[in-house]
Amino acid sequence: MSRFEALTGDNAFAMAMRQVNPDVVAAYPITPQTETVEFFAEYVADGLVDTEFICVESEHSAMSACVGASAAGARVMTATSANGLALMWEIVYIAASLRCPIVMSVVNRALSGPINIHCDHSDVMGMRDSGWIILFSENGQEAYDNAFQAVRIGEHPDVLLPVAVCQDGFITSHAMERVEVYDDADVKAFIGTYRPQWSLLDLEHPKTYGPLDFYDYYYEHKRQQVEAMEHAQRVILEVAEEFNRKFHRNYGLFEPYRLEDAEVAVVVANSTAGTAKVVVDALRAEGLKVGLLKPRVFRPFPARELADALGHLKAVAVMDRSISFGAMDNAGPLFLELAAALALHGVQVPIADYVFGLGGRDIRPGEIERVYREALQMAETGQVARRVTYLSVRE
Amino acid sequence: MAQLKGWKEIPIGGMILEAGSAMEYRTGGWRAFRPVFGEAACIHCMQCWLFCPDSSILVNGENEKMAGFNLDYCKGCGICASVCPVNAKVIREAGEALKRDDPRLCIRMVEEGKFKE
């Protein structure tokens with residue numbers, strides 16, 4: 001039987017780690033992910049897991065230990081945020097390139113500087129080309145649910161890629177919410193036993209991980225990573241379907257909210273999508289045809305599916321919690337990629353970007369309502385008044 | 001060069017699934033300097049065998065004596081010549097700076113282009 005508990009997002013992910021009972025966890029504490037590592041260390045100390053918990057001296061070492069353990073055939077999990085993720089950088093790419101299905105909680109926090117510990121998405125957006133699968137979570141429940149699915153997705157023989165599960169720093173990670181915690185046995189049955197195909201500890205079949213790879217074969221190995229990403233989308237949907245059958249929560253590539261008959265929509269990921277739903281309901285009560293699309297899978301980017309889901313709209317407003325400095329119009333990465341996806345799939349719709357919430361700046365329903373009202377204006381006029389708005393920044 | 005394989009035909013992630021496959025990669029082609037064995041001076045201390053990073057010191061299986069170099073894999077790094085105690089003795093006793101291909105040395109390093117049998 002499942003039960004409901006009051007958990008912070010960090011605690012929810014730690015709870016998922018306890019139930020996954022990974023062979024190895026190597027992690028270094030960094031705000032706002034710290035609680036996850038602290039809770040998990042408690043589970044280790046209390047003997048609730050069999051995990052080899054490696055206390056490392058930095059995130060570079062954390063991810064290095066994860067790669068080594070994964071190559072040895074272990075089921076591996078870790079967690080980080082912002083500057084910790086940045087310090088892992090070199091090994092983040094190597095984890096994907098060596099095809100290590102590591103699952104990592106990324107508790108989104110602004111990447112310095114000046115130094116800041118609060119939420120935005122500049123940390124994870126930097127890893128978007130690293131070869132990791134990236135999942136967003138609106139709340140603790142979704143982070144918890146994504147953790148189990150991430151294990152299954154990453155370990156699938158057609159995928160074998162690491163998976164990052166994002167949640168918003170402090171807003172989700174430190175806010176206590178109701179989370180349905182599933183029965184340990186049900187989780188165990190869902191995630192199954194990891195049977196690595198190429199374990200370094202399989203002494204009957206000696207092998208080499210990570211040899212020098214030059215102009216003659218490196219490119220072929222990158223092409224294989226593309227193939228794995230292409231398989232990942234199918235596997236993500238298969239795993240979501242199985243998860244839904246077992247735990248009765250429906251996940252897809254993204255969540256449409258009152259989108260079907262909408263004329264304008266906001267596209268926003270993670271916790272702000274929850275706030276936006278409240279705004280959608282309020283504006284719907286006024287008779288305005290507004291909806292929401294909440295991306296869940298950012299890598300692989302479901303371009304065609306997003307174009308199909310947004311194709312009927314008269315205007316789209318993207319909300320980005322980070323900036324791609326120097327990119328087209330200094331917009332955010334979600335906007336840039338979505339705008340390209342819509343254009344390439346023949347969706348001609350006025351689209352604008354709203355950067356918001358950098359460094360943990362609060363985003364309130366009133367501000368999201370302004371985005372909807374401007375989107376409604378775009379729909380009416382067919383014109384984009386401003387391509388990029390830096391929402392609520394003081395002039 | 002052997003026919004290169006396509007991305008569908010090779011293990012993922014650059015993994016090498018056969019043990020000992022370094023044998024197939026003849027690194028001798030990298031060599032700029034060739035070690036030449038002065039057998040008469042050799043005391044068969046096996047320091048070169050111990051230090052060679054490419055396991056390229058040949059040993060006679062019957063009398064367990066140093067027998068030369070496996071030039072298929074020797075990269076010409078010269079570690080054998082630098083750890084050789086006979087070389088050290090020869091240099092000290094000569095009382096002058098010796099070239100690395102001096103014929104008095106036990107292991108001398110000869111420029112590949114200048115090597116003659």
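What you are looking at is a predicted structure, and each value in this text was computed from that prediction instead of being measured.

Per the secondary structure count, chain A includes 13 helices and 15 strands. Against the 2.2 N^0.38 benchmark of 21 Å for 395 residues, chain A shows a C-alpha radius of gyration of 21 Å, consistent with a compact globule. Projected onto its principal axes, the C-alpha positions of chain A cover 70 × 55 × 45 Å. Looking at the 395 residues of chain A, the share that counts as buried comes to 57%. Taking the contacts inside chain A whose residues are at least 6 apart along the sequence as the reference set, 80% of them involve residues at least 24 apart. Distance between charge centres in chain A, computed from 34 positive and 54 negative side chains, equals 4 Å.

What follows concerns helix α8 (residues 184–191) of chain A. All names here are of chain A. Within the span of α8, buried status applies to Val-187, Phe-190 and Ile-191. Here the buried residues of α8 occupy an arc of 85° about the axis, which is enough to place them on one side. The exposed set on the far side of α8, more than 90 degrees from its buried face, consists of Lys-188 and Ala-189. Buried residues along α8 sit in contact with α1 (9–20), α7 (140–155) and α9 (218–247). Its side-chain oxygen placed 3.1 Å from the backbone nitrogen of Ala-185, Asp-183 serves as the N-cap of α8. With its phi angle positive at about 65°, Gly-192 sits one or two positions after the end of α8.

Residue and element names in this part refer to chain A. Packing of α7 against α8 brings their axes to within 9 Å, and their N-to-C directions diverge by 35°. Between α7 and α8, the residues in contact are Tyr-144, Phe-148, Gln-149, Val-151 and Arg-152 and Val-187, Phe-190 and Ile-191, respectively. Its residues assigned to classes, the contact of α7 with α8 shows six nonpolar, one polar and one charged.

So, about α1 of chain A. All names here are of chain A. With 12 residues, α1 should cover 16 Å at 1.5 Å per step; its first-to-last C-alpha distance of 17 Å lies within 8% of that length. Those residues of α1 that sit buried are Gly-9, Asp-10, Asn-11, Ala-12, Phe-13, Ala-14, Met-15, Ala-16, Met-17, Arg-18, Gln-19 and Val-20. Directly beyond the C-terminal end of α1, a positive phi value near 55° is found at Asn-21.

A separate point is the domain arrangement of chain A. Residue and element names in this part refer to chain A. Taken as a whole, chain A is organised into domain 1 (3–247) and domain 2 (254–390). When each unit is reduced to the centre of its C-alpha atoms, the spacing between domain 1 and domain 2 is 28 Å. Contacts between the two partners involve 31 residues from domain 1, matched on the other side by 25 residues from domain 2. Together domain 1 and domain 2 conceal approximately 2200 Å² of surface at their shared face, both sides included; 52% is due to carbon and sulfur atoms. The largest contributions to the domain 1 side of the interface with domain 2 come from Arg-128, Phe-136 and Glu-138, which together make up 30% of the buried area. At the boundary of domain 1 with domain 2, the tally comes to three salt bridges. Across the pair Lys-294 and Glu-142 runs a salt bridge whose closest N-O atoms are separated by 2.6 Å.

All names here are of chain A. Judged by pairing direction, the sheet is mixed, and its seven strands sit side by side in the order β3-β2-β4-β5-β7-β6-β12 without closing on themselves. Only two strands of the sheet have a single neighbouring strand rather than two, namely β3 (52–55) and β12 (297–299). Strand-to-strand twist in this sheet, taken as the mean axis angle between neighbours without regard to direction, amounts to 20°. Pairing of strand β2 (residues 24–27) with strand β4 (residues 76–80), which is carried by two bridges, proceeds in the parallel orientation. Paired with Val-24 across the strands is Val-76, a residue of β4.

Let's shift gears to the interface of chain A and chain B. The interface is formed by 17 residues belonging to chain A together with 15 residues belonging to chain B. Buried surface at the junction of chain A and chain B, summed over both partners, amounts to about 1600 Å²; 68% is from carbon and sulfur atoms. Taken as a group, Trp-198, Tyr-217 and Gln-224 of chain A account for 33% of the area that chain A buries against chain B, more than any other trio of residues on that side. Applying the counting criterion to the chain A and chain B interface returns zero salt bridges. For the interface between chain A and chain B, the tally reads five residue pairs in polar contact (both at pLDDT 80 or more). At five residues, α9 of chain A tops the list of elements feeding residues into the side of chain A that touches chain B. Of the residues belonging to the side of chain A that touches chain B, the class tally is seven nonpolar, four polar and six charged.

Quick notes on the rules
- Residues numbered from 1 in each chain as written.
- Chains lettered and ligands numbered in written order.
- Predicted model: local features only at pLDDT ≥ 70, side-chain atom pairs only at ≥ 80, totals over all residues.
- Heavy atoms only, no water.
- Helix = DSSP H or I, 4+ residues; strand = E, 2+ residues; numbered from the N terminus.
- Rg over C-alpha atoms; globule rule 2.2 N^0.38 Å.
- Buried < 20%, exposed > 50% of the residue type's maximum accessible area, 1.4 Å probe, protein only.
- Contact = heavy atoms within 4.5 Å.
- Lys, Arg positive; Asp, Glu negative; His and termini not counted.
- Charge placed at Lys NZ, Arg CZ, Asp CG, Glu CD.
- Arc of directions from axis to C-beta.
- Polar contact = N/O pair within 3.5 Å; in protein donor to acceptor, adjacent residues only side chain to side chain.
- Axes fitted to C-alpha atoms, helices over the stretch in contact; angles between N-to-C directions.
- Nonpolar A, V, L, I, M, F, W, Y, C, P; charged D, E, K, R; others polar.
- Expected span 1.5 Å × (residues − 1).
- Domains from an automatic or database assignment.
- Buried area = accessible area lost by both parts, 1.4 Å probe.
- Salt bridge = Lys/Arg side-chain N within 4 Å of Asp/Glu carboxyl O.
- Pairing = 2+ DSSP bridges.

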